[in-house]
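Spelled out, the chains give:
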Amino acid sequence: MMTITVATCECVLVFLLFLQHLPAGSGNFTNTLWAHQCDPGSEIFACTVPNFLYKPNHNHSTLVAPGTVRKVRLAYPRDKILLRDNIVAYDAVLHEILKRPRAVQIANVIIKTVDLPPDLEYADFSSNMIATVSAPEVNGSEYALRYLDLQYNRMTAIDSLRALVHLETLLLAHNRIVVVDGSVLKGFPKLVGLHLGANQLEEFPYADLPATLEWLVLCRNDFANILEFTGMYAPALKVLNLQDNFLNSLNIDSLLAAAPNLKELLLRNEFIAIDGASEIVHKLQEAGIAHDKFAHSEQESDYDEEDGDGDSYHHSNQKHQAREYIFSGLLAVINVCVMAWGGCRLYKVLHSEK
């Protein structure tokens, strides 16, 4: 009788351990909602909620906010975030849960996919893990999006943004973009600012820049040797940043002809001295165009000072992610060991009864 009791206890123990280590999404999920209100006073600027839960097809939070709120900011401030994996996607369901805001900011979590809704006008999804953005063409309507921040993500191309014809500002720095399709750029007739710094570009379709573009950042890419601007005409371009590439020559005459209203040119790099730098400086001064020091300068530009803080945070963010992965791996190993131990004990008990 005692043997049966022990065996029963062992079985119950193993079963409880098994239930404890089931994935969170296993079995049927319920539609239980966790209601969140805006941080007091935040709705004047943007309804702010630090800890909001949304994983497709799982339990999720809901937003309790005044009907007048049109701007929502989740996962902010960072110091109040309990878990970074609370939000893994932005889609039509989450957009509806947030009461269809015109502007949304969800940065510094682990969003992996974004399905852009047609009525969103401002979106900041910086510092996530986004590799894909879905914005398919919608018959009979256009996307309202004017401002899109996807910096510090995992994008490799911009083709999926083709339908965003109302974009005015597009921030794509610190991704993994290796090529830019010129036909996509041509489809942005209102684009004013484009940031593609810190990617992996070796070429760029200057001839396809929209005529409305006023500032272009291409620093920290892989442009090498001489830079030509064949076919380019950017009458509104005022600022061009080409810092920290591998350039040793620049066709300044073609650039001045292509960008007649250029006000500032940034060329500093720590790798290669630019041939004919004095001549370039002379022509820029004649044209009244501000510039930095081209080669081996010990001074840092304003861009570097500002971007340095972003880099520092980004590196800290990567370390934090690495710690999370290590912890998750150790937890998985412990789970396997516990399950193996329970299975072994169950096997011994069952065979001892025979």
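Thresholds, definitions, all that
- Residues numbered from 1 in each chain as written.
- Predicted model: local features only at pLDDT ≥ 70, side-chain atom pairs only at ≥ 80, totals over all residues.
- Heavy atoms only, no water.
- Pairing = 2+ DSSP bridges.
- Helix = DSSP H or I, 4+ residues; strand = E, 2+ residues; numbered from the N terminus.
- Phe/Tyr/Trp six-rings, centres within 6.5 Å; stacked < 30°, edge-to-face > 60°.
- Buried < 20%, exposed > 50% of the residue type's maximum accessible area, 1.4 Å probe, protein only.
- Salt bridge = Lys/Arg side-chain N within 4 Å of Asp/Glu carboxyl O.

> Where do I start with the sheet that holds strand E9 (residues 132-134) in this structure?
What holds strands together in a sheet is hydrogen bonding between their backbones, with the strands either parallel or antiparallel. Across the sheet, 3 strands lie side by side as E5-E7-E9; this open sheet has parallel pairing. This sheet does not close on itself; its edge strands, each paired only once, are strand E5 (89-90) and E9. The pairing of strand E7 (residues 113-115) with E9 spans 3 bridges and is classified as parallel. What sits directly across from Val-114, in E9, is Val-133.

> What exactly am I supposed to notice about the packing of aromatic side chains here?
What characterises a pair of aromatic rings is the spacing of the ring centres plus the angle enclosed by the ring planes. Applying the stated criterion across every chain, the model contains 4 aromatic pairs. When the ring of Tyr-90 is compared with that of Phe-125, the centres are 5.3 Å apart and the planes differ by 50 degrees; the resulting orientation is tilted. With a gap of 35 residues between them, Tyr-90 in strand E5 and Phe-125 in the loop between strand E8 (122-124) and E9 connect regions that are remote in the sequence. Judged by relative accessible area, Tyr-90 falls into the buried class, the value being 0%.

> Looking at this structure, I do not really get the sheet that holds strand E13 (residues 215-217). What am I missing?
A sheet is described by the order of its strands in space; here 11 strands give the open sequence E2-E4-E6-E8-E10-E11-E12-E13-E15-E17-E18, paired in parallel fashion. The strands lining the two open edges of the sheet, one partner per strand, are strand E2 (47-49) and strand E18 (290-291).

> Sorry if this is basic, but what is going on with unusual backbone geometry here?
Excluding glycine, most residues fall at negative phi; most peptide bonds, likewise, are trans. Residue Pro-77 is reached from Tyr-76 by a cis peptide bond, and omega for that bond is -5 degrees. A positive phi angle, close to 65 degrees, is found at Asn-57, a residue other than glycine. Looking at the secondary structure, you find Asn-57 in the loop between E2 and strand E3 (60-64). Since its relative accessible area comes to 58%, Asn-57 is described here as exposed. Of note, Asn-225 is a non-glycine position whose phi angle comes to about 60 degrees, a positive value. As for its position among the elements, Asn-225 is in strand E14 (residues 224-227).

> Looking at this structure, how should I read the pattern of salt bridges?
It is possible for side chains of opposite charge to pair when their charged atoms get near one another. A full pass over the atoms with the stated rule returns 11 salt bridges. We note a salt bridge from Lys-283 to Asp-253, for which the minimum N-O separation is 2.9 Å. Highlighted residues: Lys-283 in helix H5 (residues 277-287) and Asp-253 in helix H4 (residues 252-258), separated in sequence by 30 residues. Glu-279 is the partner of Lys-283 in a salt bridge, and the nearest nitrogen-oxygen pair spans 3.3 Å. Here Lys-283 and its partner Glu-279 are both found in helix H5, 4 residues apart, which amounts to about one turn of the helix. Relative accessible area serves as the criterion here: at 46%, Glu-279 is assigned to the partly exposed category.

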